[in-house]
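In case you want the letters, here they are:
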Amino acid sequence: MSSRSSSAAHPFVDVARIARITQQLYERQRFAYFLVDHEWRWLEASDNLSDFGFTAPGLDQDARQSIDFLVGLDTTTTLDLPIVMSPNEHPVHIVMLPDDEVLTVVIMDASREYEQQQLVQQQANENELLLAKQKVLLAELQSAQLALREKNAQLSEAGRLQNSFISGASHEFRTPLAALLGYADLLKERINTQSTSKSRDQVDVIRRSAQHLLSLVENLLDHGKFTAAELVLNPQPTDINSLLDEVHAMLRPLAADKHIELEFSAPRNPLPDCMLDASRVRQLLLNVVGNAIKFTDQGSVTVQSQWQDDELEIAVIDTGIGLSADELQMVTTAFWQAPGSDRHGTGLGLTISQQILQMSGGALHIESVAGEGTKVLMQMPAVKATRAQMIDQDAQSAVAQARLLLAEDDQDIADLLKLRLSERGLDITHAENGQQVLELLDAERFDLILMDLQMPIMDGYTATEKIRTAGITTPILVMTASAIEADRSRAELVGCDGYVLKPVDIDNLLLLAEELIEAHAVPQTENL
Amino acid sequence: MSNSQESPAVQALHAKYRASLPDKAQALRAELSESADSNGLEALAGLLHRLAGSAGMYGFNDVAAQARVALQLVETGSDEASNSAQMYAAVQELCVKLEDQTN
């Protein structure tokens, strides 16, 4: 390899650039060079120029004739081409360094850079490929997510439809069943006095069967309400002792039928009146104690209760068939039935009991040994009722015992009001027209008169006028289907104390009745 | 139309009322033809008034609403032929609603 004297270098050549190229030359080990003057005349070249596929022309020959890449350039061009392909397809790095006299062209091996570049390119290609695949997968994922969302929506809709169906069907069953039970009650009352014990037994079978079906339907309905989160607890001051006595009385015949003992143990300390939803606690006890009786064929069912630190605990212990460990896991699952059991219900009793307890902030615990018996422990928060709450409750019960004279000519309306108000404890006397109202008031005293306005023989306006003229101050509530203000004004004018619109809302009616009875009672007391 | 909180006795009453609706439709139709003959609408208005009240009480709200519409037309009078036709149609529609409840 020949070299040119360093004294030929131009004094203004970029020293940093020369240093960098020197460094590169050192690193590459393989390099060649050639020099031309500014007329492109070949001056000299390294011996290994042909290794890179370049052919050296003869001395003073035009270099462009054999070195292609020089064509179109000029000899003063500074050029740095990191990777180009030499004539023999070898990757090379070409640097052109002009000075005043010559142009030095250095050709370095660029295999490593080329490989790296190829590698980077390959990596970039692979990245691009991965990105494309990622896009495809992402699209598939999005499509799967969409399908899943659609499936979820369909499942949710199917669940809603199922609940709606169960709820709807239960309602449809409930009405005729309730009618069956209601008529069986009426029939039982009638035959108690007139018929044989066989007939009474047969009616009892109808009643018990209807009651059983009704309780199954009630459970289905309640389950639907829990699922739809429609059920709301309504805690009221509750006498737990009376509630337990009531449940005991209701279930005693069931236990007696199976010849097992049903014992409600007296609590160590008396149970206070607490804020509880009495109807739901009753349902809870009927479910759990009823279940215990159902699955106990000999021995006893014992109910223990205690109240401590604002919590009521009721334990139901039976000597029944018990549950295996696997069955215990499943026992509160909706619609679950013990395999092989012939004592089928809806499989909802314990589910609903657990839901009621959880809703109240309490819990249901079950311990059981197959063949030995089961213990169900119900824990529920039960804040002691305050004195004010108890007084309020007493006041309501005072209204509930009021004597009410109902004046209504339509028998359908009268029957419904009589029944619903008497269920709330009110003592109801029915008159079919104003004339009868006056006759009854002559003979008896009432706490309130509920008066229809349009009646035959004597209407409500005339009757009210006559009552007030006779000096009778019993509060009168009128019922009207008419929202026309004139009706009400006229009613007030003749001495009515208030009005309710038909269809009558019983709770609203009771509130108004309470106000009127209390307002009427106070002046009378003051006069005494 | 009774709700699940009501007692079996109340539910029985509801069932009895529902079962009586076709009879009520028949009574209305009879009264409608009677009133057309004698031109007296008081008895028909009385029936409609009671039906509007009782149907509402038993939860048959659409029947109650239709009864109120018919009652209003009856109370307005039937001097004009068009009004009379409307009244007739409203009572007939009410009768159909009453009969539909038991199907």
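Basis of the calculations
Residues numbered from 1 in each chain as written. Chains lettered and ligands numbered in written order. Predicted model: local features only at pLDDT ≥ 70, side-chain atom pairs only at ≥ 80, totals over all residues. Heavy atoms only, no water. Phe/Tyr/Trp six-rings, centres within 6.5 Å; stacked < 30°, edge-to-face > 60°. Helix = DSSP H or I, 4+ residues; strand = E, 2+ residues; numbered from the N terminus. Buried < 20%, exposed > 50% of the residue type's maximum accessible area, 1.4 Å probe, protein only. Pairing = 2+ DSSP bridges. Right-handed = clockwise from strand over helix to strand, strands pointing away. Contact = heavy atoms within 4.5 Å. Core = buried A, V, L, I, M, F, W, Y, C linked by side-chain atoms within 4.5 Å. Expected span 1.5 Å × (residues − 1). Axes fitted to C-alpha atoms, helices over the stretch in contact; angles between N-to-C directions. Parallel < 35°, antiparallel > 145°, perpendicular 65-115°, else oblique. Left-handed = near helix turned anticlockwise from the far one by under 90°. Nonpolar A, V, L, I, M, F, W, Y, C, P; charged D, E, K, R; others polar.

Observations regarding the packing of aromatic side chains
Residues and elements named next belong to chain B.
Right, on to step 1. For the structure shown, the criterion picks out four aromatic pairs over all chains.
Right, on to step 2. Taking 4.0 Å as the distance between ring centres and 5° as the angle between the ring planes, the aromatic pair formed by Tyr-17 and Tyr-58 counts as stacked. Residue Tyr-17 is located in helix H1 (residues 8-38), and its partner Tyr-58 is located in the loop between helix H2 (42-57) and helix H3 (61-76); the two are separated by 41 residues in the primary sequence. You'll find Tyr-17 and Tyr-58 in the same group, each marked buried.
Right, on to step 3. Between Tyr-17 and Phe-60 the ring centres are 5.8 Å apart and the planes differ by 40°, which places this aromatic pair in the tilted class. Note that Tyr-17 is positioned in helix H1 and Phe-60 in the loop between H2 and H3, a separation of 43 residues in sequence.
Right, on to step 4. Phe-60 gets classed as buried once you look at its relative accessible area, which sits at 1%.

Concerning the pairing of strand S15 (residues 448-452) of chain A
Residues and elements named next belong to chain A.
Right, on to step 1. Among the five residues of S15, five are classified as buried, and the element is accordingly described as predominantly covered.
Right, on to step 2. One ladder, built from four bridges, connects strand S13 (residues 403-407) with S15; its direction is parallel. Paired with Leu-404 across the two strands is Leu-448, which belongs to S15.
Right, on to step 3. In the sheet, S15 pairs with strand S16 (residues 476-480) via four bridges, with the strands oriented parallel. Paired with Ile-449 across the two strands is Ile-476, which belongs to S16.
Right, on to step 4. Assessed by its sense of winding, the connection that carries the chain from S15 through helix H11 (residues 460-469) to S16 is right-handed.

Notes on the environment of Phe-69 of chain A
All names here are of chain A.
Right, on to step 1. As for its position among the elements, Phe-69 is in the loop between strand S2 (42-45) and strand S3 (79-85).
Right, on to step 2. Taking the C-alpha atoms as reference points, Phe-69 and Val-84, separated by 15 residues in sequence, lie 9.9 Å from one another.
Right, on to step 3. Residues in contact with Phe-69, not counting those within four places in the same chain, are Phe-34, Phe-54, Ile-94, Met-96 and Val-105.

Remarks on the nonpolar core
Right, on to step 1. Of all hydrophobic cores here, the largest spans 52 residues; its most connected members are Leu-417, Leu-421 and Leu-450 of chain A together with Leu-28 and Leu-48 of chain B.
Right, on to step 2. Setting aside chain neighbours within four positions, we find Leu-421 of chain A in contact with Leu-404, Leu-426, Ile-428, Leu-450, Ile-506, Leu-509 and Leu-510 of chain A.
Right, on to step 3. Ranked by size, the runner-up nonpolar core spans 41 residues in total, among them Ala-255, Val-303, Leu-312 and Met-378 of chain A.

Re H2 of chain B
All names here are of chain B.
Right, on to step 1. Under the 1.5 Å per step criterion, the end-to-end length of H2 is 23 Å for 16 residues, consistent within 8% with the ideal 22 Å.
Right, on to step 2. Of the residues making up H2, those classed as buried are Leu-44, Ala-45, Leu-48, His-49, Leu-51, Ala-52, Gly-53, Ser-54, Ala-55, Gly-56 and Met-57.
Right, on to step 3. Gly-59 occupies a position one or two residues after H2 and carries a positive phi of about 85°.

Let's talk about the packing of H2 of chain B against H3 of chain B
Residues and elements named next belong to chain B.
Right, on to step 1. Interaxial distance between H2 and H3 falls to 8 Å at its minimum, and their mutual angle equals 155°. Taken together, the axes of H2 and H3 lie roughly antiparallel to each other. By crossing handedness, the relation of H2 to H3 is classed as left-handed. Within the contact between the two elements, H2 uses Leu-44, Ala-45, Leu-48, His-49, Leu-51, Ala-52, Ala-55 and Gly-56 and H3 uses Asn-61, Val-63, Ala-64, Ala-67, Arg-68, Ala-70, Leu-71 and Val-74.
Right, on to step 2. Of the residues belonging to the contact of H2 with H3, the class tally is twelve nonpolar, three polar and one charged.

Observations regarding unusual backbone geometry
Residues and elements named next belong to chain A.
Right, on to step 1. If you check the backbone angles, Asp-309 has positive phi at about 50° while not being a glycine.
Right, on to step 2. Considering the arrangement of structural elements, one finds Asp-309 in the loop between strand S9 (300-308) and strand S10 (311-318).
Right, on to step 3. The exposure class of Asp-309 is exposed, given its relative accessible area of 70%.

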